[in-house]
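Listed here are the chains, written in short residue letters.
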Amino acid sequence: MNIRIFICFCLIFVFESVSAYDPHSNLTRENKLPKELENIGFSDVTGKTLRLNIPFRDESGKEVLFSDFLSQGKPILLSPVYFKCPTLCNFHLNGVFKSLKDLDWSLGKEYQYIAVSIDPKENESISFPKKGAYLKDYGRVGGEVGLHLLTGTQESIDALTKQLDFRYAWDKEAKQYIHASGVYVLTPDGRVSRIFQGIQLEPRDLKFAFLEASSGKIGSFVDKFALFCFQFDPRKNKYTIYAYRMMQFGGAVTLLLLGAFLYINWRKITNNNRQGVT
């Protein structure tokens, strides 16, 4: 075979091979969402009012209705978890309590935190020591009246999670629940006010969410004014500066200063005219 023809043939073969190779093909194939995760996660149920006359057991084993906690008139931070979770739930609960410790408002005074187990096999023998450990870590007086770790039957769990559209599943091989991580902020009348997904929560975002959920009944004037300048961005999962509100505030300040300037000058002109007449 002519050497030139052979070289050309080799170059064409190499070119075709390189052109056909997709460097992302293996990556795409290997990172497709597993089938068991396709129906796991949160839905946006913001604004939905929940029916919460659902029976659960508290840490002492006493039967309570979730709606009992609404009677305290405080916003509620709610986590669907399970207490013997070997991985994600522990990170989630630790992250929540880190944010609560950094928040200048106190658990039980301005708000409540409720963690509900999605595992019907769990009971007060697990939730009681768990609550004690987190209260010790929280380290503030009065926290026990605002922290509630609830367990219940599958019927009760379904009644809550289906309203929240919180989707999870049992992994038989791993022998644990597959679920997403996040919290719901509820108003004192049981309406879903905000949803934060993930493990880490910013104390500022929690404060703004509690302010909104309480309709301004908690917090100082400074807190309420700060909320006026911020708006929740679901794409970023946090509160961000609201440009329109800032423009409104800037316009109001400008009008106020202009009015003050005109009033002062009007007074000067009036006084000068009076002196001139005299």
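All of these numbers come straight from a predicted model, not from anything done at the bench. (Residues numbered from 1 in each chain as written. Predicted model: local features only at pLDDT ≥ 70, side-chain atom pairs only at ≥ 80, totals over all residues. Heavy atoms only, no water.)

**Topic: the nonpolar core**
Thinking step 1. If you look at the biggest cluster of nonpolar residues, it comprises 57 residues, and the most contacted ones within it are F66, L77, L100, Y113, Y184 and L186.
Thinking step 2. With six residues, helix α6 (residues 203-213) is the single largest residue contributor to this core.
Thinking step 3. In contact with L77, other than residues within four places in its own chain, are V96, L100, Q112, Y113, I114, V183, Y184, V185, L206 and F210. (Core = buried A, V, L, I, M, F, W, Y, C linked by side-chain atoms within 4.5 Å. Buried < 20%, exposed > 50% of the residue type's maximum accessible area, 1.4 Å probe, protein only. Helix = DSSP H or I, 4+ residues; strand = E, 2+ residues; numbered from the N terminus. Contact = heavy atoms within 4.5 Å.)

**What to know about the side chain of S181**
Thinking step 1. Inspection of the secondary structure puts S181 in the loop between β7 (176-178) and β8 (182-186).
Thinking step 2. Within the structure, the side chain of S181 is placed 2.9 Å from the side chain of H92, a separation counted as a polar contact.
Thinking step 3. Not counting residues within four places of it along the chain, the set of residues in contact with S181 comprises F42, L88, H92, Q197, G198 and I199. (Polar contact = N/O pair within 3.5 Å; in protein donor to acceptor, adjacent residues only side chain to side chain.)

**Some words on the packing of helix α3 (residues 88-102) against helix α4 (residues 124-138)**
Thinking step 1. The contact between α3 and α4 brings their axes to 10 Å, and the two run at 35°. Here α3 and α4 pass one another in a crossing that is right-handed. Each of N90, L93, N94, F97, L100 and K101 in α3 lies in contact with α4, whose residues at this interface are K130, Y134, D137 and Y138.
Thinking step 2. Its residues placed into classes, the contact of α3 with α4 shows five nonpolar, two polar and three charged. (Axes fitted to C-alpha atoms, helices over the stretch in contact; angles between N-to-C directions. Left-handed = near helix turned anticlockwise from the far one by under 90°. Nonpolar A, V, L, I, M, F, W, Y, C, P; charged D, E, K, R; others polar.)

**Details of the state of the cysteines**
Thinking step 1. Taken as a whole and assessed by the stated rule, the structure comprises zero disulfides.
Thinking step 2. No disulfide involves C85; its sulfur sits 3.4 Å from that of C89, the nearest cysteine. (Disulfide = S-S within 2.5 Å.)

**Digging into the sheet that holds strand β4 (residues 112-117)**
Thinking step 1. Pairing in this open sheet of five strands is mixed, and the strands run β5-β4-β3-β8-β9 from one edge to the other. Bordering the open sheet on either side are β5 (147-150) and β9 (192-197), each of which pairs with just one other strand. Sheet twist, expressed as the average angle between the axes of neighbouring strands with direction ignored, equals 20°.
Thinking step 2. Sheet topology note: the strand β3 (residues 76-81)/β4 ladder contains six bridges and is parallel. Within the sheet, the bridge partner assigned to S79 lies in β4 and is A115.
Thinking step 3. Set on the sheet, α6 makes contact with β3, β8 and β9; between it and β9 the angle comes to about 165°. (Pairing = 2+ DSSP bridges.)

**A few points about unusual backbone geometry**
Thinking step 1. The backbone of D165 shows a phi angle near 55°, a positive value even though the residue is not glycine.
Thinking step 2. Here D165 shows up in the loop between α5 (154-164) and β6 (169-171).
Thinking step 3. Using a relative accessible area of 29% as the deciding quantity, one classes D165 as partly exposed.
Thinking step 4. A positive phi is found at K175, a non-glycine position, where the angle reads about 55°.
Thinking step 5. Looking at the secondary structure, you find K175 in the loop between β6 and β7.

**Observations regarding the environment of T49**
Thinking step 1. Within the fold, T49 resides in the loop between α2 (25-30) and β1 (55-57).
Thinking step 2. We classify T49 as partly exposed; its relative accessible area is 48%.
Thinking step 3. For the pair T49 and T187, spaced 138 residues apart in sequence, the C-alpha separation works out to 9.0 Å.
Thinking step 4. In this structure, T49 is in contact with D189, G190 and R191, ignoring residues within four places of it in sequence.

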